[in-house]
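# Structure assessment
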Amino acid sequence: MSESWEVVKRWRTLLVILLTPLLLLPLPLIINTPEGRTAYVLFLMAVYWVTEAVPIAVTSLMPVFLFPMMDIASAKVVASSYIKDLLMLFLGGLMMAVAIETWNLHRRIALRILLLVGSEPRWLMLGLMLATWLLSMWMSNTATTAMMVPITDAILQQLEETLLDDPSAAGDNKEEENKNDLQQRPEGGDDKVEAKAVDAVAVAPLGDPESRMQAKKQFDLMCKGLLLSICYGANSGGIATLTGTGPNLILKNNADDVYGKHNITSPVNFASWMGFGLPLSALVVLVCWVWLQIMFLRCRGWTDCCRRTEEKEAQGKRVRGIILQEYSKLGPVSFAERAVLVLFSLLVVLWITRDLGGVGGWGDLFAEETVSDSTPAVLIGFILFFFPSENPFRRGRRTAENYNVSGQAVEIEHEERTLKPLLSWADAHAKVPWSLFLLLGGGFALSDGCRISGLSEWIGQQLEVFSDIDKVAMLLVLCYITAAMTEITSNTAISILLLPILSTLALRTGVHPLYYMIPTSLSCSFAFMLPVATPPNAIVFATGRIKVVDMMLAGVVMNAIAVPVLVMATVTWGEEMFRFTDVPPAFLNASLSASAASSSL
């Protein structure tokens, strides 16, 4: 039996690839309609995406040949879905992120934040989260996490050496004082000893094997908390900006389709998304920070984490010294770093000020609907490829005096150097995740196919049974389901599959479509429980300091808390941003027409 199972596991990928189309084949044969054939493609891609039997990006190419062959949409229509305005926005943002990474500006920002927040464990954790959170708004979550983990690992290694291998670092001369302190505790005070995890390393006399074991246990907890704060900060940071993660772009594409179908301008743009997503993201990070302190630093009272000791101050100085050492390796701020920072700031300002919610913006200088957020993104990205990385007015100023045998200067030679741009095509080609463009393009094509074939309308019609359920309760259920699904498959794939269905469900039940679509797409970023949920989780898990059970216990609470926080944000400032209760008349008319059509059938 075991040998047979080994054979199945060995051939699992091939079996999934071959058997899935055959097992699903009755669907288009029995329901030989555009809806049935589109459902076949949808289910087939969903299985391949979940199992990753075929690379996710390659699976995303299936609509290119399946839709024309199954008479769902023409090849020309399908191909046009793979290059949209949103992908140009994403490309411009990625080029800026690569430039920031190329010149180590992200590392400088991260280390500077760590120097500002302090070196106590709770503040160190906050600094790690803030740095990762801030950078992941604009850069790839994977690249940000991969950069932050070595910094954190260097700090942890130094702490482990000084606190666990060197008894003097823990303050052996305080042993008697520690004993008196423990003797004064009431009965049952063992819990209090455990509660002081931050001080455990400094309080315990490490010469005692039992105390040393307790110190090692508390140190391991601190390691887990600090590392998890990085991946959680990266996952939360993607919420804040429209280009932060793939599901946000999928949402923007679906919102544009829904509004465009009714000749209405979509309210989802970079400025409006940031107005909603940034405070939500900050709130999620704050909740995460508090929870990780409770779970791993055992801060059950304010004094537990705030009480300072001489040993703790010495520990903080050592941590600060490590961070300063890493920061000094970067050297002085270069011309290239300043140039990238200026261009990045300019891009953010252009994104935010293009459309200020109907009260103006530089977009009004151009004809209506001619410029979008992709315009400044690609413009600044284009500038990166020729803007010099060195001050051009100082180029060639390096001089050297040549002397003859008698010591007399004979001439001054000027060394000419080729100007290097801020971003080279070699760097862009190597660091831009081009496969993600295929994944997003495949999602756009699948969404268009569901709309063209009428599958979205049919699914929405079947879901009308939920029309009597309170929409807040419905939203909670949808967000929890999405957060659970994203733990086992691609965040982008989940949003591709769900958002067209939810937009139709909302329209047919008289709910504003963005009321379901925005929170559900954001729930795709609540991947806190499993290492396979997101690349940041996998990178942190690969350090070997975290077990699956640690991530699951921390993540299940984060998921349980983050979803209500998201729903609260939706019904408060989300309502102010997008006016969910003011359903446009065109949407209401569409829902009434759809209901009348379904009842006549």
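Residues numbered from 1 in each chain as written. Predicted model: local features only at pLDDT ≥ 70, side-chain atom pairs only at ≥ 80, totals over all residues. Heavy atoms only, no water.

## Let's talk about the overall build of the protein chain
Test applied: Secondary structure elements are taken from DSSP: a helix is a run of H or I of four residues or more, a strand is a run of E of two residues or more, and numbering for both begins at the N terminus. Exposure is judged per residue with a 1.4 Å probe applied to protein chains only, and the accessible area is read against the type maximum: over 50% gives exposed, under 20% gives buried, and values in between give partly exposed. Two residues form a contact once any of their heavy atoms are found within 4.5 Å. Surface exposure here means Shrake-Rupley accessible area, sampled with a 1.4 Å probe, where a residue is shielded only by the protein chains that are shown.
For the protein chain, the helix and strand inventory stands at 31 helices and 2 strands. Here the protein chain, with 601 residues, has 52% of them falling under the buried criterion. Excluding contacts between residues fewer than 6 apart, the proportion of contacts in the protein chain whose partners are at least 24 apart in sequence is 79%. Taken as a whole, the protein chain presents about 27,500 Å² of accessible surface, with 63% of it coming from carbon and sulfur.

## What about the packing of helix 2 (residues 12–24) against helix 4 (residues 34–51)?
Threshold: Angular values range over 0 to 180 degrees, each being the angle between N-to-C directions of two axes fitted as lines to C-alpha atoms, with helices fitted over their stretch in contact. Any angle that is under 35 degrees is reported as roughly parallel, and any over 145 degrees as roughly antiparallel; angles of 65 to 115 degrees are reported as roughly perpendicular and all others as oblique. Handedness of a helix crossing follows the sense of rotation of the near helix relative to the far helix, less than a right angle counterclockwise being left-handed and clockwise being right-handed. In this count, Pro and Cys sit with the nonpolar residues alongside Ala, Val, Leu, Ile, Met, Phe, Trp and Tyr, while Asp, Glu, Lys and Arg are called charged and the others, Gly among them, polar.
One way to put it is that helix 2 packs onto helix 4 with a least axis distance of 10 Å and a crossing angle of 165°. Taken together, helix 2 and helix 4 sit at an angle that is classed as roughly antiparallel. The two elements helix 2 and helix 4 cross, and the hand of that crossing is right-handed. Facing Arg 12, Val 16, Ile 17, Thr 20, Pro 21 and Leu 24 of helix 2, the residues of helix 4 in contact are Tyr 40, Phe 43, Leu 44, Val 47, Tyr 48 and Thr 51. The class makeup of the residues in the contact of helix 2 with helix 4 is 9 nonpolar, 2 polar and 1 charged.

## Structural notes on the packing of aromatic side chains
Test applied: Two aromatic rings, drawn from Phe, Tyr or Trp (for Trp, its six-membered ring), form a pair once their centres lie within 6.5 Å of each other, and the interplanar angle then sorts them: stacked below 30 degrees, edge-to-face above 60, tilted otherwise. Geometrically, a charge over a ring is one whose NZ (Lys) or CZ (Arg) sits within 6 Å of the ring centre while staying within 35 degrees of the ring normal.
The final tally for this structure, using the stated rule, is 18 aromatic pairs. On the basis of an interplanar angle of 20° and a centroid distance of 6.1 Å, the ring pair of Trp 138 and Phe 270 is categorised as stacked. Of this pair, Trp 138 sits in the loop between helix 10 (121–136) and helix 11 (141–165) while Phe 270 sits in helix 17 (residues 270–297); the two residues are 132 residues apart in sequence, bridging distant segments of the chain. Both residues of the pair, Trp 138 and Phe 270, count as buried. Considering the side-chain rings of Tyr 515 and Phe 580, the 5.5 Å spacing of their centres and the 80° angle between planes classify their relative orientation as edge-to-face. A residue pair is termed long-range when its members are at least 10 positions apart, and Tyr 515 in helix 27 (residues 513–523) and Phe 580 in the loop between helix 30 (573–578) and helix 31 (585–600) qualify at 65 residues. You'll find Tyr 515 and Phe 580 in the same group, each marked buried. Members of the aromatic cluster, connected to one another through ring pairs, are Phe 276, Tyr 515, Tyr 516, Trp 573, Phe 578 and Phe 580. Above the face of the Tyr 327 ring, Arg 112 is positioned so that its terminal group lies 4.8 Å from the ring centre. The ring of Tyr 515 carries Lys 471 above its face, with NZ or CZ at 4.8 Å from the centroid.

## Some thoughts on the environment of Leu 242
The topology assignment puts Leu 242 in the loop between helix 15 (209–237) and helix 16 (246–261). In this structure the C-alpha to C-alpha distance between Leu 242 and Phe 270, which are 28 residues apart in sequence, comes to 5.7 Å. In this view, Leu 242 contacts Leu 89, Asn 248, Leu 249, Lys 252, Val 268, Asn 269, Phe 270, Trp 273 and Asp 373; residues no more than four positions away in its chain are not counted.

## Quick word on the nonpolar core
This is how it is decided: Only buried residues count toward a nonpolar core, which is a set of Ala, Val, Leu, Ile, Met, Phe, Trp, Tyr and Cys residues joined through side-chain atoms within 4.5 Å.
The biggest cluster of nonpolar side chains holds 157 residues, and the ones touching the most others in it are Tyr 232 and Tyr 516. With 14 residues, the single largest contributor to this core is helix 17. Apart from residues no more than four positions distant in its own chain, Tyr 232 is found in contact with Cys 288, Leu 292, Phe 528, Met 551, Ala 554, Gly 555 and Met 558.

## Some thoughts on the side chain of Arg 107
This is how it is decided: N or O atoms within 3.5 Å of each other form a polar contact, as long as, within protein, one can give a hydrogen and the other can take it, and as long as residues adjacent in sequence are counted only when both atoms are side-chain atoms.
The topology assignment puts Arg 107 in helix 9 (residues 105–117). On the basis of relative accessibility, which here comes to 19%, the residue Arg 107 falls in the buried class. A distance of 2.7 Å separates a polar atom in the side chain of Arg 107 from a polar atom in the side chain of Glu 326. The residues touching Arg 107, leaving out its near neighbours within four places in the chain, are Met 147, Ile 151, Glu 326 and Leu 330.

## Things to note about the pattern of salt bridges
Basically, it comes down to this: Criterion for a salt bridge: a side-chain nitrogen of Lys or Arg within 4 Å of a carboxyl oxygen of Asp or Glu.
Within this structure, the stated rule accounts for 10 salt bridges. Salt-bridge contacts for Lys 84 lead to Asp 448; the nearest nitrogen and oxygen are separated by 3.3 Å. Here the residue Lys 84 occupies a position in the loop between helix 7 (75–80) and helix 8 (85–102), and Asp 448 occupies one in helix 23 (residues 434–453), the gap between them amounting to 364 residues. When the shortest N-O distance is used, the salt bridge between Lys 329 and Glu 326 registers 3.3 Å. With relative accessibility at 58%, the residue Lys 329 sits in the exposed group. Connected through salt bridges with shared partners, the residues Lys 84, Asp 448 and Arg 451 form a single ionic network.

## Description of the packing of helix 16 against helix 26 (residues 491–508)
Taken N-terminus to C-terminus, the directions of helix 16 and helix 26 make an angle of 30°; their axes are 9 Å apart at the nearest point. Classified by the interaxial angle, the pair formed by helix 16 and helix 26 is roughly parallel. Helix 16 and helix 26 meet at a crossing whose hand is right-handed. Counting all contacts with helix 16, which are made through Gly 246, Pro 247, Ile 250, Leu 251, Asn 254 and Val 258, the residues of helix 26 involved are Asn 491, Thr 492, Ser 495, Ile 496, Leu 499, Pro 500, Ser 503 and Leu 507. Classifying every residue of the contact of helix 16 with helix 26 by side-chain character gives 8 nonpolar, 6 polar and no charged.

## Observations regarding unusual backbone geometry
Look at Asn 104: it is not a glycine, yet its phi comes out positive at around 60°. Overall, the relative accessible area of 33% leaves Asn 104 in the partly exposed class. Even without being glycine, Asn 263 reaches a positive phi, approximately 60°. Mapped onto the fold, Asn 263 is located in the loop between helix 16 and helix 17. Assessed through its relative accessible area of 74%, Asn 263 is described here as exposed.

## What about a nonpolar patch on the surface?
Counted only if it meets this: Candidate patch residues must exceed 30% relative accessible area and have no salt bridge, after which like charges are joined if within 9 Å and Val, Leu, Ile, Met, Phe, Trp or Tyr side chains if within 5 Å.
The grouping of Trp 11, Leu 14, Leu 15, Leu 18, Leu 19, Leu 22, Leu 23, Leu 25, Leu 29, Ile 30 and Ile 31 at the surface amounts to a nonpolar patch, some 1,100 Å² of accessible area in total. Of all the secondary structure elements, the ones that give two or more residues to the nonpolar patch are helix 2 and helix 3 (26–30). Considering each element in turn, the nonpolar patch owes the most residues, 6 residues, to helix 2. When you line up the elements, Leu 23 lands in helix 2. For Leu 23, a relative accessible area of 68% gives the class exposed.

## Let's talk about the side chain of Asn 559
Counting through the fold element by element, Asn 559 comes out in helix 29 (residues 548–571). Overall, the relative accessible area of 8% leaves Asn 559 in the buried class. Ignoring anything within four residues of it in the chain, the contact list for Asn 559 reads Tyr 480, Ala 483, Glu 487, Phe 526, Phe 528 and Met 529.

## Topic: the confidence of the model for the protein chain
Just so we agree on the cut-off: Confidence of the predictor in every single residue is expressed as pLDDT, which spans 0 to 100.
A residue-level look at the protein chain finds 79% of positions with pLDDT of 70 or above and a mean pLDDT of 80. Predicted confidence is poor over residues 397–407, with pLDDT under 50, and the contacts of this stretch with residues over four places away or in other chains come to 21 contacts. Within the model, pLDDT remains below 50 along residues 410–415, and this stretch shows 17 contacts once partners closer than five positions in the same chain are excluded.

## Quick word on helix 16
We apply this condition: A helix's residues, less one, multiplied by 1.5 Å, set its expected span.
The end-to-end C-alpha distance of helix 16, which contains 16 residues, comes to 23 Å, matching closely the 22 Å that a straight helix rising 1.5 Å per residue would cover. Across the 16 residues that make up helix 16, a large majority, 12, are buried. All of the buried residues in helix 16 are Gly 246, Pro 247, Asn 248, Leu 249, Ile 250, Leu 251, Lys 252, Asn 253, Asn 254, Ala 255, Val 258 and Tyr 259. Looking one or two residues past helix 16, Asn 263 carries a phi angle of roughly 60°, positive in sign.

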